Amino acid sequence: MRPTPAKHPWLTVGGEVAALLADLDSAAFDAAVAALRPNGRRWFSTGQGRSGLVAQMAAMRLMHLGRDVHVLGEATAPSIGSADGLLVISGSGHTPVSLHFARQTKELGGQVLAVTANLTSPLGASADIVLQVPRTKSSQFGGSLFEQGALLVLDAVVLALAAEQQDAYRTMQARHTNLR
């Protein structure tokens, strides 16, 4: 049986996202900003499925800010080391590949920043920093609300970092693609 769409489904999606963002823990948000603040640290970004797309978008914006960031699994991604960080996005916090990457990062001495809906998941329990994207009731399919929320929360992290950086938008524009 198909769900019956609201008269204005975009208002349904907007209301769900607004409720999710209203429940965000500001201390966890600030911890994520603090972790990503140092400009000399390399960060790697990963997630599976649509969470992986959000990880790629977050990596792109961090790169625009001038951060040394790589998407895990890309051909040009270097090896990760003890001075590096891994941003892992997993709604459930149980995704086997993401858990494997987080575990390897920890074994190599790196820091793990998890974006998840599940604080008590294996990912949440093992991460150095957890930014919870709160799970709320949704009329959308699958993990759509989590993925939307993760994208917006990470865009807000970039906005917070940009506010601390002189001429951030000029830096971002200069690092934005120019091959069209």
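Above this note sits the structure.
Only a predicted model underlies this, so the values are computations on that prediction, with no experimental measurement involved.

A. Region of the structure containing the side chain of glutamine 140. Topologically, glutamine 140 is positioned in the loop between strand 5 (129–132) and helix 6 (144–163). Taking relative accessible area as the criterion, glutamine 140 reaches 18% and is therefore assigned buried. Here the side chain of glutamine 140 touches glutamine 148 through a polar contact of 2.7 Å, side chain to side chain.

B. How the structure looks around the pairing of strand 3 (residues 85–89). Across the 5 residues that make up strand 3, a large majority, 5, are buried. Pairing between strand 1 (residues 42–47) and strand 3: 5 bridges, direction parallel. Paired with serine 45 across the strands is leucine 87, a residue of strand 3. For strand 3 and strand 4 (residues 111–116), the ladder comprises 5 bridges, and the chain directions are parallel. Bridge pairing in strand 4 links valine 88 to alanine 114. In terms of handedness, the path from strand 3 via helix 4 (residues 96–107) over to strand 4 forms a crossover that is right-handed.

C. Up close: the side chain of glutamine 111. Looking at where glutamine 111 falls in the secondary structure, it is placed in strand 4. Classification of glutamine 111 by relative accessible area gives buried; the value is 18%. Separated by 2.4 Å, the side chains of glutamine 111 and arginine 41 make a polar contact. In contact with glutamine 111, other than residues within four places in its own chain, are Ala35, Arg41, Trp43, Asp84, Gly85, Leu86, Thr105, Asp128 and Ile129.

D. How the structure looks around the environment of alanine 156. Take alanine 156: it is sitting in helix 6. Once the C-alpha coordinates of alanine 156 and arginine 175 are considered, the two residues, 19 residues apart in sequence, prove to be 19 Å apart.

E. Main features of the nonpolar core. If you look at the biggest cluster of nonpolar residues, it comprises 36 residues, and the most contacted ones within it are Ile89, Val115 and Leu131. The dominant element in this core, judged by the number of residues it contributes, is helix 6, at 9 residues. In this structure, isoleucine 89 is in contact with Thr46, Gly47, Gln48, Ser51, Val54, Ala55, Ser98, Val115, Phe146, Ala150 and Leu154, ignoring residues within four places of it in sequence. Membership of the second largest hydrophobic core comes to 10 residues, among which are Phe44, Ala102, Val112 and Leu123.

F. Examining unusual backbone geometry more closely. Backbone geometry at aspartate 167 places phi at a positive 55 degrees, although glycine is not the residue there. On the accessibility criterion, aspartate 167 (42% relative accessible area) is partly exposed.

G. Structural view of the packing of helix 1 (residues 9–22) against helix 6. With their axes 10 Å apart at the nearest point, helix 1 and helix 6 run at an angle of 60 degrees to one another. The pairing of helix 1 with helix 6 is recorded here as oblique in orientation. The hand of the helix 1/helix 6 crossing is right-handed. Between helix 1 and helix 6, the residues in contact are Val13, Glu16, Val17, Leu20 and Leu21 and Leu145, Gln148, Gly149, Leu152 and Val153, respectively. For the contact of helix 1 with helix 6, the class distribution of residues is 7 nonpolar, 2 polar and 1 charged.

H. Focus on the pattern of salt bridges. Using the criterion set out here, one finds 5 salt bridges in the structure. Residue glutamate 164 pairs with arginine 37 through a salt bridge whose shortest N-O separation is 2.7 Å. Linking glutamate 164 in the loop between helix 6 and helix 7 (168–175) with arginine 37 in the loop between helix 2 (26–36) and strand 1, this pair joins segments that are 127 residues apart in sequence. Residue classification places glutamate 164 among the partly exposed residues on the basis of a relative accessible area of 47%. Arginine 37 gets classed as partly exposed once you look at its relative accessible area, which sits at 39%. Where arginine 42 meets aspartate 84, a salt bridge forms, and the shortest distance between an N and an O atom there is 2.7 Å.

Cut-off values and rules
Residues numbered from 1 in each chain as written. Predicted model: local features only at pLDDT ≥ 70, side-chain atom pairs only at ≥ 80, totals over all residues. Heavy atoms only, no water. Helix = DSSP H or I, 4+ residues; strand = E, 2+ residues; numbered from the N terminus. Buried < 20%, exposed > 50% of the residue type's maximum accessible area, 1.4 Å probe, protein only. Polar contact = N/O pair within 3.5 Å; in protein donor to acceptor, adjacent residues only side chain to side chain. Pairing = 2+ DSSP bridges. Right-handed = clockwise from strand over helix to strand, strands pointing away. Contact = heavy atoms within 4.5 Å. Core = buried A, V, L, I, M, F, W, Y, C linked by side-chain atoms within 4.5 Å. Axes fitted to C-alpha atoms, helices over the stretch in contact; angles between N-to-C directions. Parallel < 35°, antiparallel > 145°, perpendicular 65-115°, else oblique. Left-handed = near helix turned anticlockwise from the far one by under 90°. Nonpolar A, V, L, I, M, F, W, Y, C, P; charged D, E, K, R; others polar. Salt bridge = Lys/Arg side-chain N within 4 Å of Asp/Glu carboxyl O.

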